[in-house]
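# Structural characterization, general
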Amino acid sequence: MTEASTEYQHPLMKAYWAQIDTRFPQVEAVFEDVMAEALAVLTRKGIDAYLEAARVIGKLGRGVEPMLAFLEEWPSAAKAVGESALPAVMALVQRMQKSPNGNAITPFLQTLAPVARRLHSQEQMQRYLDITLDFMERTTGSIHGHHTTFPSPGLPDFFDHAPNLLNQLTLAGLKKWVEYGIRNYRTHPERQKDYFSVQSADSRAVLQRERHGTLFMDIERKLDLYLRGLWDDADQLVPYSTAFDELRKPIPYYDKLGMRVPDVYDDFFPPSPASGGGAGGEGVFVSGLDRYRATLAHMVGHRRWSEAQIADNWSPFQRMAVEFFEDCRVETLLIREYPGLRRLFLALHPKPLENACDPETTSCLRHRMAMLSRALLDPDHGYVDVDLNDFVVRFHAVMQQGESSTREIAALALSYVAKTRRQSDQFAKVHFDDTVVDYRDDNRQLWKFIEAGDEEEAFDEERKIEPGEEIRGLPPRHYPEWDYNSQTYRPDWASVYESLHASGKPADIDRLLAKHSALAKRLKKMLDLLKPQDKVRIRYQEEGSELDLDVAIRSLIDFKGGATPDPRINMSHRTDGRDIAVMLLLDLSESLNEKAAGSEQTILELSQEAVSLLAWAIEKLGDPFAIAGFHSNTRHDVRYLHIKGYGEHFNDEVKARLAAMEAGWSTRMGAAMRHAAHYLGARSADKKLMLILTDGKPSDVDAHDERLLIEDARQAVKELDQDGIFTYCISLDPKADEYVGDIFGRQFTVIDHIARLPEKLPALFMALTK
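Reference entry: report on the structure contained in this document. In this text, all values refer to a predicted model and were calculated from it rather than measured experimentally. Counting from 1, residues in each chain are numbered in the order their sequence is written. Residues qualify for local features only when their pLDDT is at least 70, as the model is predicted, and side-chain atom pairs are given and counted only at 80 or more; totals for whole chains, interfaces and linings, by contrast, use all residues. Where side-chain values are given, they derive from all heavy atoms of the structure, hydrogens and water being excluded.

Attention now goes to the overall build of the chain. Helix and strand counts for the chain stand at 29 helices and 22 strands. Relative accessibility under 20% of the residue-type maximum defines a buried residue, over 50% an exposed one, and the middle range a partly exposed one, all with a 1.4 Å probe and only protein chains included. A buried classification covers 50% of the 770 residues belonging to the chain. Contact between two residues is taken to exist if any of their heavy atoms lie within 4.5 Å; hydrogens are not considered. For the chain, the share of sequence-separated contacts (at least 6 apart) that also reach a separation of at least 24 residues comes to 71%. To measure how exposed things are, a 1.4 Å probe is used in the Shrake-Rupley method; for residues, cover is taken only from the protein chains shown. Of the roughly 37200 Å² that the chain leaves accessible, carbon and sulfur atoms contribute 50%. Under the scheme used here, helices are H or I runs from DSSP no shorter than 4 residues and strands are E runs no shorter than 2 residues, and both carry numbers assigned from the N terminus.

Two strands in a sheet stick together by hydrogen bonds in their backbones, pointing the same way (parallel) or opposite ways (antiparallel). DSSP bridges decide pairing: two strands pair if at least two such bridges lie between them. In spatial order, the strands read E12-E13-E19-E18-E17-E20-E21-E22; together these eight strands make up an open sheet with mixed pairing. In this open sheet, the two edge strands, each paired with only one partner strand, are strand E12 (477-483) and strand E22 (748-750). When the angles between neighbouring strand axes are averaged without regard to direction, this sheet yields 25°. Summarising the sheet, strand E18 (residues 625-632) and strand E19 (residues 638-644) pair through six bridges and their orientation is antiparallel. Bridge pairing in E19 links His631 to Arg639. A fitted line through C-alpha atoms represents every axis, and for helices the fit uses only the stretch in contact; the resulting angles, taken between N-to-C directions, go from 0 to 180 degrees. Against the sheet, helix H26 (residues 669-680) engages E12, strand E13 (488-500), strand E17 (580-587), E18, E19, strand E20 (687-694) and strand E21 (725-731), with an angle of about 150° to E20.

Let us now look at the side chain of Arg440. Relative to the helices and strands, Arg440 is located in the loop between helix H20 (406-420) and strand E11 (447-448). For Arg440, a relative accessible area of 4% corresponds to the buried category. Identification of polar contacts relies on pairs of N or O atoms within 3.5 Å, with a donor-acceptor requirement for protein atoms, meaning one able to donate a hydrogen and the other able to accept it, and with residues adjacent in sequence counted only if both atoms are side-chain atoms. For Arg440, the side chain forms a polar contact with the side chain of Glu331, separated by 2.8 Å. Within the structure, the side chain of Arg440 is placed 3.0 Å from the side chain of Ser373, a separation counted as a polar contact. Ignoring any residue separated from it by four or fewer positions in sequence, one finds Arg440 in contact with Ile251, Pro252, His298, Phe324, Asp327, Cys328, Glu331, His349, Ser373 and Leu377.

The phi torsion at Asp21 lies on the positive side, around 50°, for a residue other than glycine. Within the secondary structure, Asp21 is located in the loop between helix H2 (11-20) and helix H3 (25-41). Even without glycine at this site, Val198 takes up a positive phi of about 55°. For Val198, the location among the structural elements is in the loop between helix H12 (189-196) and helix H13 (201-210).

In this section: H13. Among the ten residues of H13, seven are classified as buried, and the element is accordingly described as predominantly covered. Among all positions in H13, only Asp202, Ser203, Ala205, Val206, Leu207, Gln208 and Glu210 are buried. Structurally, H13 contributes buried residues whose contacts are with helix H10 (155-168), helix H11 (171-185), H12, strand E3 (214-215), helix H14 (216-231) and E13.

Now for H26. Any helix carries an expected span of 1.5 Å times its number of residues minus one. Taking 1.5 Å per residue as the helical rise, H26 with its twelve residues ought to reach 16 Å, and the 16 Å between its terminal C-alpha atoms agrees with that figure. Counting buried residues along H26, ten of its twelve residues qualify, which places the element largely inside the surrounding structure. Of the residues making up H26, those classed as buried are Met669, Gly670, Ala671, Ala672, Met673, Arg674, His675, Ala676, Ala677 and Leu680.

Bringing the pairing of E21 into the picture now. Where burial is concerned, most of E21 is hidden: six out of the seven residues are buried. In terms of strand pairing, E20 meets E21 through seven bridges, oriented parallel. Note that in E21 the partner of Ile692 across the bridge is Cys729. You can see the chain leave E20, run along helix H27 (residues 706-722) and come back into E21, and the turn it takes is right-handed. Every crossover in which the path from the first strand over the helix to the second runs clockwise, viewed with the strands pointing away from the viewer, is termed right-handed.

Here the focus is the packing of helix H16 (residues 316-337) against H20. Taken N-terminus to C-terminus, the directions of H16 and H20 make an angle of 130°; their axes are 8 Å apart at the nearest point. Taken together, H16 and H20 sit at an angle that is classed as oblique. In terms of crossing hand, the pair formed by H16 and H20 is right-handed. Contacts between H16 and H20 pair Phe317, Gln318, Ala321, Val322, Phe325, Glu326 and Arg329 from the former with Thr406, Ile409, Ala410, Leu412, Ala413, Leu414, Tyr416 and Val417 from the latter. Grouping the amino acids of the contact of H16 with H20 by side-chain chemistry returns eleven nonpolar, two polar and two charged. Roughly parallel means an angle under 35 degrees; roughly antiparallel means over 145; roughly perpendicular covers 65 to 115; every other angle is labelled oblique. What makes a crossing left-handed is the near helix being turned counterclockwise from the far one by less than a right angle; a clockwise turn instead makes it right-handed. Classification convention: Asp, Glu, Lys, Arg as charged; Ala, Val, Leu, Ile, Met, Phe, Trp, Tyr, Cys, Pro as nonpolar; all other residues, Gly among them, as polar.

Our focus in this paragraph is the state of the cysteines. A covalent bond between the sulfur atoms of two cysteines is what we call a disulfide. Only a pair of cysteine sulfur atoms within 2.5 Å counts as a disulfide in this structure description. Going through the model one piece at a time under the given rule, you end up with one disulfide. Sulfur-sulfur distance for the disulfide between Cys357 and Cys364 comes to 1.9 Å. Judged by the torsion about the S-S bond (-85°), the Cys357/Cys364 disulfide is left-handed. Side by side, Cys357 and Cys364 carry an identical accessibility label, which is buried.

Counting residues in hydrophobic clusters, the biggest one holds 67 residues, and the most contacted among them are Tyr50, Trp74, Phe108, Tyr128, Phe158, Leu174 and Trp177. A total of ten residues in this core trace back to one element, the largest contributor, which is helix H5 (residues 64-81). If we skip the residues at most four places from it in the chain, Trp177 touches Phe158, Leu165, Leu169, Tyr195, Phe196, Val198, Ser203, Val206 and Leu207. Of all hydrophobic cores here, the second largest spans 64 residues; its members include Tyr226, Ala321, Tyr383 and Val417. Among the buried residues, those of types Ala, Val, Leu, Ile, Met, Phe, Trp, Tyr and Cys that are joined through side-chain atoms within 4.5 Å form a nonpolar core.

Before going further, it helps to examine the pairing of E12. Examined bridge by bridge, E12 and E13 share six bridges and lie antiparallel to one another. Each bridged residue has a counterpart across the sheet, and for Tyr479 the counterpart in E13 is Ala494. In textbook terms, the turn of a hairpin is the stretch between consecutive antiparallel strands, and for E12 and E13 this stretch comprises four residues, one of which, Gln487, has a positive phi near 60°.

Time to look at the side chain of Gln192. Note on placement: Gln192 falls in helix H12. Relative accessible area serves as the criterion here: at 1%, Gln192 is assigned to the buried category. Beyond its immediate sequence surroundings of up to four residues, Gln192 is in contact with Phe135, Thr139, Ser152, Pro153, Gly154, Tyr185 and Arg186.

Below, the structure written as structure tokens:
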């Protein structure tokens with residue numbers, strides 16, 4: 001600072017300026033402003049520590065940016081976590097300065113205040129600093145034993161994204177996210193930068209897994225059943241990410257490809273009574289799952305009852321009013337069908353304070369519409385505005401006559417705009433507080449345009465799903481995959497799509513069974529020995545359920561003859577049944593189309609015969625069993641085909657699916673086993689057996705390391721074993737000894753002569769289940 005400028009400062013400010021001992025003109029320009037904030041927040045002792053820390057940072061030789069960042073950020077950070085956190089912050093700055101990571105000091109200080117506002121306490125701030133220090137030390141490189149010779153590639157990016165990360169993660173979740181990045185990308189600088197800048201697929205997947213709130217992926221099936229069961233709607237649910245749009249959060253909507261909903265919803269906690277209005281004036285806690293239900297119910301209402309209106313001649317204000325009125329109309333109709341929805345809608349709907357907006361200085365249109373929307377749904381709204389109450393009465397009068405229509409309700413909305421319009425509605429300053437109803441969609445399907453223009457370019461040209469265009473099948477299930485290199489799971493890596501297998505001719509399977517009639521007769525004799533006897537007598541019991549007449553007569557004769565009679569004259573019974581559930585999982589990869597050695601039949605045809613005989617045998621035994629096939633085309637497309645369910649008998653429908661078996665694509669075995677275990681694990685049986693019939697090792701076109709899917713299948717076997725599921729592999733690959741033991745241990749059989757498979761498979765099953 002120049003002598004001329006210091007002469008005009010307050011003496012105390014001159015002393016403060018002298019204390020930081022700097023000549024940066026950029027600091028001089030803002031010094032009085034930052035000190036004004038600091039003096040309002042910090043104690044006298046805190047001011048001295050603040051200025052000393054700024055002086056130290058200014059002497060680091062890193063230019064003006066770190067010093068400016070600290071001066072501007074620390075007062076807000078101290079207000080959030082306490083000024084006593086400063087020594088720990090400066091200790092980290094010093095550690096970075098002494099390492100090659102000095103370039104990370106500026107982003108660390110620039111994000112210090114927003115991070116502190118999210119952590120709220122000194123203890124939490126210390127944990128954040130510990131995570132940062134551990135990250136820095138483990139990713140700072142070394143060459144030939146010379147430690148800390150090049151900086152951590154991902155540290156500056158981590159600091160840049162820290163506030164956004166803490167918006168979505170707890171500190172525990174942040175630590176796990178950081179740990180995954182360090183463990184997997186410690187020695188890959190470019191990949192590490194991609195991970196910690198939240199650009200890579202792995203980074204976003206782990207972030208999604210560790211996020212707080214109710215994740216869409218965890219409840220996708222519940223929501224699908226909710227739509228089908230309560231609303232008779234089976235549209236595809238498509239999540240969108242809320243994690244990466246800070247300025248403009250996406251809004252739910254629906255189009256021809258499905259219903260778009262957030263990938264996560266936090267539980268909703270009502271505002272404190274002291275806050276007055278706010279979101280949901282009901283004081284009711286709403287779970288993330290119920291927030292999804294409210295969103296889907298609202299969209300279903302629009303799909304049922306709303307009709308697109310021509311919007312060319314309506315102003316944005318008029319369209320906004322129509323949207324609010326139409327939202328309330330469909331919600332009123334939804335509440336008629338399920339009255340309990342009123343409580344849910346009101347809990348999530350904001351309740352603006354009546355006098356919160358000043359029409360003299362601010363555009364209050366959104367505020368008026370939000371109040372009206374609340375009043376149309378809430379009989380106890382408590383608003384006294386005459387026009388508002390008049391239109392509430394008119395709205396309910398219209399709705400009492402029936403369902404009304406979008407056109408009729410739009411006319412009412414336009415009347416409201418005309419009657420309540422104010423000059424200040426055109427002001428640039430708009431009142432937004434407590435006006436966003438976040439469970440409602442963006443109403444893009446409510447409008448159609450005759451003339452092309454800018455406004456409609458964001459909308460889809462086709463607004464209805466044409467007949468026959470419905471997306472069929474269940475939504476995918478996502479499973480982790482084991483990465484043996486890093487010894488960690490890749491979260492949600494494989495997507496499994498399941499469906500019912502196509503049908504063929506059941507007579508084809510009957511012909512196959514007739515072809516092996518001689519073998520079937522031999523199997524039947526073995527089956528009779530295995531067949532459970534429902535009741536077995538236990539004789540010679542002193543106490544039992546009934547008298548054993550033969551023993552009782554013999555004891556009576558002994559008694560009459562003077563001998564000591566046998567007191568064991570009763571008998572009881574026990575059930576001698578088999579309690580076993582079976583899952584037969586068939587590899588349907590392309591290699592099954594090859595001809596078997598020494599046979600004119602393909603491996604697929606022989607497998608079909610063997611599975612038909614095995615299914616017939618298990619049906620005779622009465623064991624509950626299911627059959628499914630699988631194949632894959634990269635991790636994004638693993639197909640799981642249901643051939644027989646546990647609740648079905650081996651009837652013509654099942655035979656028809658078995659007859660239509662086709663082979664194609666690759667063998668991502670681990671994902672298929674995990675999905676099959678989802679069904680087998682739900683069975684209540686003493687023994688759960690999964691038989692995997694395959695002709696090769698696990699592989700897929702996107703797995704370039706041939707050990708990767710072998711190790712994943714091995715890990716899947718371990719997981720199933722922990723869940724009480726016994727896995728056994730029947731391999732038709734002559735080279736299986738090279739790898740199958742790595743996956744299944746000793747739980748496998750290699751059938752070298754594939755032509756004997758129809759004979760071997762049923763016999764092997766009976767040996768396993770004696």
